[in-house]
Amino acid sequence: MKDLLTTADLSTADTGEVLRLAQCYAADPDHEPMLLHNRLVALHFTKPSTRTRVSTEAAVLRLGGSPTMLTGTDLQLGRGETIEDTARVLSSYAAAIIVRTSSDEDLTRFARAATVPVINALTDGHHPLQSLTDLLTLRQVFGDLDGRRIAYLGAGNNVAASLAQAAALCGVDITLATPAAYPPDPTAIATARRIAATTGSTVDWTDDPETAARGASAVYTDVWVSMGDPAEQAAARRAALTPYQVDETVLAAAAPDAVFLHCLPAHRGQEVTAEVIDGPRSVVFQQAANRQPVAQTVLTALLGGKLHGQRRDR
């Protein structure tokens, strides 16, 4: 397995190994301090980022390497150079390339042309690093994921798609509660359900947030309005998603030991109330901190040939 473009690229065995190694890096960030000694990792980000950018840069540094940030204006892509040419050139300098962009198709083209590992740091369709972080956080909180269920409330976006796939790989049940106007991507969910059939878990969808939250071990949400959404679309999204706000009533419907997750950035008073995200059951900052050990793990595993992936329909 050369690249990590979607969470479902991983096998169940891969996912278990990633979470095991990530727990090692979380406990000891200098677990492999020389893995990237004197090596460069290129970060090509065409979208703004806080957690993903800083956590991946920190991960490269912890592994002994040097990260170089390349924004949308730093490369010749905007002047007509092809994705394939850019990928081939960067491959001759960098040990790995981490990409945050809009188009999943562009990322796939980039990875096919690159000769070094390519890692998806967020696209419109997927956010694999975040989903692995989410499951790592739940393992830290509960120790054992057996019998656990995640409730995701909000728009069916890239975070929801990757979370469903990660949960299925770990044998964790998940219920996605989204309004009919903003459902999860059917292809990503179909993939998650195929995986769930092999791990004995379930991937369910409902438009009722209370049904999703009832008895869940974790309640998860994300921002309602994505970067670049026009004002009129943003207003429509807020109106449709208001019933999906995570407040204390929603959290009270979950299991007594349930925790609250959010990939951040958060907008208090919209997708979540301040009482919940700043309350004792919120683990969002532990979750955010876990982005670094997960990035370290994925780099280590791909560069070390430790991941085997699974055959699936793309």
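Predicted model, so just to flag it, every value in this text is computed and none were measured.

**Student:** Tell me about the sheet that holds strand E4 (residues 118-120), residues and numbers included.
**Tutor:** The strands making up a sheet associate through backbone hydrogen bonding, with each pair oriented either parallel or antiparallel. If you trace the four strands from one edge of the open sheet to the other, you get E2-E1-E3-E4, paired in parallel fashion. Lying at the two open borders of the sheet, with one neighbouring strand each, are strand E2 (66-71) and E4. In this sheet, neighbouring strand axes are inclined to one another by 20 degrees on average, regardless of whether the strands run parallel or antiparallel. Pairing geometry for strand E1 (residues 40-45) and E2, over six bridges, is parallel. Bridging from a neighbouring strand, Leu40 pairs with Ser66 of E2. Sheet strands touched by helix H4 (residues 104-113): strand E3 (96-100) and E4. Its angle to E4, the strand with the most contacts, is close to 165 degrees.

**Student:** Give me unusual backbone geometry: which residues, what numbers.
**Tutor:** Along the chain, Leu264 connects to Pro265 via a cis peptide bond; the corresponding omega equals 5 degrees. Tracing the sequence through the fold places Pro265 in the loop between strand E9 (259-262) and helix H11 (274-277). With a phi close to 130 degrees, Leu122 is a non-glycine residue in the positive phi region. The residue Leu122 is located in the loop between E4 and helix H5 (128-142) in this model. On the basis of relative accessibility, which here comes to 9%, the residue Leu122 falls in the buried class. Of note in this structure, Leu264 is not a glycine but carries a positive phi near 65 degrees. Mapping Leu264 onto the fold places it in the loop between E9 and H11.

**Student:** Just give me the short version of the nonpolar core, but keep the residues and values in it.
**Tutor:** Core analysis: the largest hydrophobic core is formed by 57 residues, its most contacted members being Leu138, Ile150, Ile174, Val203, Tyr220 and Val298. It is helix H6 (residues 158-169) that provides the largest number of residues to this core, a total of eight residues. Both domains that furnish three or more residues to this core are identified here as domain 1 (7-126 + 290-304) and domain 2 (130-288). Sequence-distant contacts of Leu138, defined by excluding residues within four places in its chain, comprise Gly143, Leu145, Ile150, Ala218, Val259 and Leu261.

**Student:** Outline the side chain of Ser11, listing residues and values.
**Tutor:** Take Ser11: it is sitting in the segment before helix H1 (12-27). With near-sequence residues (within four places) excluded, Ser11 lies in contact with Leu169, Gly309 and Gln310.

**Student:** Residues and numbers for helix H7 (residues 186-199), please.
**Tutor:** Under the 1.5 Å per step criterion, the end-to-end length of H7 is 20 Å for 14 residues, consistent within 8% with the ideal 20 Å. Among all positions in H7, only Ala188, Ile189, Thr191, Ala192, Ile195 and Ala196 are buried. The arc enclosing the buried residues of H7, seen along the axis, measures out at 155 degrees, which places them on a common side. Within H7, the exposed residues directed more than 90 degrees away from the buried face are Pro186, Thr187, Ala197 and Thr198. The elements touched by buried residues of H7 are H6, strand E6 (173-177) and strand E7 (203-206). Remark: Gly200 follows H7 within two positions and exhibits a positive phi of approximately 80 degrees.

**Student:** With reference to specific residues and values, describe H5.
**Tutor:** The first and last C-alpha atoms of H5 sit 21 Å apart over 15 residues, in line with the 21 Å expected at 1.5 Å per residue. Of all 15 residues making up H5, twelve are buried, and the element is well covered by its neighbours. Listed in full, the buried residues belonging to H5 are Pro128, Leu129, Gln130, Ser131, Leu132, Thr133, Asp134, Leu135, Leu136, Thr137, Leu138 and Phe142. Immediately beyond the C-terminal end of H5, within one or two residues, lies Gly143, with a positive phi of roughly 80 degrees.

**Student:** Kindly report on the packing of aromatic side chains, identifying the contributing residues and their values.
**Tutor:** Counting across every chain of the model gives one aromatic pair. Ring plane angle 40 degrees and centroid distance 5.9 Å describe the contact between Tyr152 and Tyr220, whose orientation is recorded as tilted. Residue Tyr152 is found in strand E5 (residues 149-153), and its partner Tyr220 is found in strand E8 (residues 218-221); the two are separated by 68 residues along the sequence. Over the aromatic face of Tyr182 sits the side chain of Arg237, whose NZ or CZ is 4.7 Å from the ring centroid.

**Student:** Describe the pairing of E7, with residues and values.
**Tutor:** Across four bridges, E6 lies against E7 in parallel orientation. Along E7, the bridge assignment pairs Leu176 with Trp205. Note that the unit made of E6, H7 and E7 has a crossover that is right-handed.

About the thresholds
- Residues numbered from 1 in each chain as written.
- Predicted model: local features only at pLDDT ≥ 70, side-chain atom pairs only at ≥ 80, totals over all residues.
- Heavy atoms only, no water.
- Pairing = 2+ DSSP bridges.
- Helix = DSSP H or I, 4+ residues; strand = E, 2+ residues; numbered from the N terminus.
- Axes fitted to C-alpha atoms, helices over the stretch in contact; angles between N-to-C directions.
- Contact = heavy atoms within 4.5 Å.
- Buried < 20%, exposed > 50% of the residue type's maximum accessible area, 1.4 Å probe, protein only.
- Core = buried A, V, L, I, M, F, W, Y, C linked by side-chain atoms within 4.5 Å.
- Domains from an automatic or database assignment.
- Expected span 1.5 Å × (residues − 1).
- Arc of directions from axis to C-beta.
- Phe/Tyr/Trp six-rings, centres within 6.5 Å; stacked < 30°, edge-to-face > 60°.
- Lys NZ or Arg CZ within 6 Å of the ring centre and 35° of its normal.
- Right-handed = clockwise from strand over helix to strand, strands pointing away.

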